[in-house]
Structures are given as C-alpha cells and as structure tokens.
Amino acid sequence: MKFFIDTANLAEIREAHELGVLDGVTTNPSLMAKEGIQGKNNILAHYVAICDIVDGDVSAEVIATDYAGMIREGEELAELHPNIVVKIPMIREGIRAIKYFADRDIRTNCTLVFSAGQALLAAKAGASYVSPFIGRLDDASTDGLLLIEQIVDIYQNYAFDTEVLAASIRHTMHLVKCAELGADVVTCPLNVITGLLKHPLTDIGLEKFLADYKKVNG
Ligand code: G3P
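Colleague: Quick one: what's the story with the pairing of strand E5 (residues 108-113), residue by residue and with numbers?
Modeller: Of all the six residues making up E5, five are buried; the element is thus mostly covered by neighbouring parts of the structure. Pairing between strand E4 (residues 84-89) and E5: four bridges, direction parallel. Across the sheet, residue Pro89 finds its bridge partner in E5, namely Thr111. Regarding the hand of the β-α-β motif, the stretch spanning E4, helix H5 (residues 92-103) and E5 is right-handed. Pairing geometry for E5 and strand E6 (residues 129-132), over three bridges, is parallel. Residue Cys110 lies in a different strand from E6, and its bridge partner there is Val130. For the handedness criterion, the β-α-β arrangement of E5, helix H6 (residues 116-125) and E6 is classed as right-handed.

Colleague: Can you break down helix H4 (residues 67-80) residue by residue, with the values?
Modeller: Taking 1.5 Å per residue as the helical rise, H4 with its 14 residues ought to reach 20 Å, and the 20 Å between its terminal C-alpha atoms agrees with that figure. Looking only at H4, the buried set comprises Gly69, Met70, Ile71, Gly74 and Leu77. Among the structural elements, helix H3 (40-53), strand E3 (57-61), E4 and H5 are those in contact with the buried residues of H4.

Colleague: How would you summarise the sheet that holds strand E1 (residues 2-6) if you had to cite specific residues and measurements?
Modeller: Around the barrel, eight strands lie side by side as E1-E2-E3-E4-E5-E6-E7-E8; this closed barrel has parallel pairing. When the angles between neighbouring strand axes are averaged without regard to direction, this sheet yields 30°. Of the strand pairs in this sheet, E6 and strand E7 (residues 163-166) are connected by two bridges, and their pairing is parallel. Note that in E7 the partner of Tyr129 across the bridge is Glu163.

Colleague: Explain the side chain of Ser131 to me, using residue names and the numbers behind them.
Modeller: Within the secondary structure, Ser131 is located in strand E6. Within the local environment of Ser131, its side chain forms a polar contact with the side chain of Asn109, the two groups lying 2.7 Å apart.

Colleague: Account for the pattern of salt bridges, with residues named and values stated.
Modeller: When their charged atoms lie close together, side chains carrying opposite charge are able to pair. Taken as a whole and judged by the stated rule, the model has ten salt bridges. Among the salt bridges present, the one from Lys87 reaches Glu61, with a minimum N-O distance of 4.0 Å. Separated by 26 residues along the polypeptide, Lys87 in strand E4 and Glu61 in strand E3 bring together distant segments of the chain.

What counts and how
- Residues numbered from 1 in each chain as written.
- Predicted model: local features only at pLDDT ≥ 70, side-chain atom pairs only at ≥ 80, totals over all residues.
- Heavy atoms only, no water.
- Buried < 20%, exposed > 50% of the residue type's maximum accessible area, 1.4 Å probe, protein only.
- Helix = DSSP H or I, 4+ residues; strand = E, 2+ residues; numbered from the N terminus.
- Pairing = 2+ DSSP bridges.
- Right-handed = clockwise from strand over helix to strand, strands pointing away.
- Expected span 1.5 Å × (residues − 1).
- Contact = heavy atoms within 4.5 Å.
- Axes fitted to C-alpha atoms, helices over the stretch in contact; angles between N-to-C directions.
- Polar contact = N/O pair within 3.5 Å; in protein donor to acceptor, adjacent residues only side chain to side chain.
- Salt bridge = Lys/Arg side-chain N within 4 Å of Asp/Glu carboxyl O.

Written out as structure tokens, the structure is:
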C-alpha cells in the first residue's frame with residue numbers, strides 16, 4: 001500500500017519524507033491556495049519544489065474544465081517533471097481528457113469521485129489513479145468506506161490497471177480500513193500518518209523497559 005500526503009505544505013512533505021514512508025503527494029487548488037501559492041509561474045515552481053523533495057508521484061490538478069484547456073494545462077504540468085500525475089476532475093470533458101492522456105502515456109488521477117459508476121468510467125478511460133473522497137461522503141451521511149470496497153471489487157473483477165487512491169481521509173481508522181479493503185494508495189494529512197504511531201501501551205511499555213534497565217544498570 002502506498003502512502004501519499006495530501007498537502008502543498010513543503011515542511012509537512014519534508015517531515016513525512018524524513019519518516020521514510022512517503023510514496024507521493026497529492027495537491028488540489030484548495031491546498032495550493034491554503035499555502036498562499038498564487039500565479040501560474042509560482043504554482044508550477046511549487047510543483048517542481050515538491051518533486052525535488054519526494055521521489056514519487058505528485059498529483060497536480062488542472063484548473064480548466066473545458067477539454068482543450070485541460071489538455072493544454074495537463075501537457076504543461078506533465079512536462080514539469082516525470083513524477084507529475086495530471087489530476088483531472090470527474091466530468092464529461094475530464095473523461096475525454098483522461099483518454100487523451102492515456103493514449104499518450106501521460107498519467108492521470110481522476111479526482112472528485114463519489115460513486116462506483118464514476119470510478120468505472122475513469123478506469124475505462126484509462127486513468128492511472130481514481131480518487132474517491134471518503135471523508136466528504138461520510139460528511140454527507142454516506143458510507144465512504146463502502147465506496148472503496150465497491151471500487152476495489154469492480155477493478156478486481158475486470159483487472160483494471162487503475163489504482164484506487166483513497167482520498168479525503170480524516171483519521172487513522174479511515175486509513176487502516178482502506179488497507180483492509182485493499183485500496184492501493186491512501187492520501188492523507190500528516191497527522192493521520194503520524195497518528196499511526198500512537199498507542200498508550202507502547203509508551204507505558206517503553207517507560208517500563210527503560211526503568212527496569214536503569215534499576216540494574218544505574
Ligand atoms: O485531495 C483531495 C481530498 O483528499 C480532499 O480532502 O479533507 O478536503 O475532503 P478533504
């Protein structure tokens with residue numbers, strides 16, 4: 001299972017990378033805006049800065065919603081670095097764009113996926129990754145993890161190459177459940193990745209080991 005971090009914050013990306021478990025990064029226009037990255041040149045330079053930190057796939061999202069615009073932006077993004085994956089929204093023109101890029105060996109991540117039907121369409125078009133947003137489904141009183149299960153089943157039934165990238169992950173149990181269900185990738189905030197470290201019995205156990213050592217060794 002691959003661990004991606006869902007942020008455009010370079011310090012957080014570095015921290016996750018230093019932990020030694022980071023396989024890639026996903027960004028979106030909201031995450032870029034949160035870091036105050038504005039203007040086309042700064043945005044493109046920021047993607048390159050992310051690629052310089054992590055040796056893994058980095059999703060960079062197009063802003064255009066028309067076919068020609070998505071192709072133009074996607075080609076520009078793909079030329080930035082070999083690890084860039086062009087993130088395309090799950091809309092009609094987006095599916096056409098994913099097919100265009102698949103035919104040219106440019107990798108894509110189909111984002112804003114909220115149903116199994118959308119995920120099937122993305123795979124048919126040749127998306128490299130599909131991003132179901134499980135937290136946002138949970139927010140809307142719908143079982144986000146059930147969607148992961150459905151998509152994993154469907155992709156296995158037909159041996160699609162598209163990888164299931166579980167997104168909008170809010171807590172460690174989302175991540176653990178995605179692992180149980182066979183999601184290929186999880187993308188989550190840094191605190192969810194580091195949250196996996198935590199268990200009070202680990203802390204208590206370590207404290208006792210060290211205390212016992214000290215008793216005999218001083
Ligand atoms: O990158 C897309 C997705 O992970 C967004 O998550 O928390 O804004 O629903 P969230």
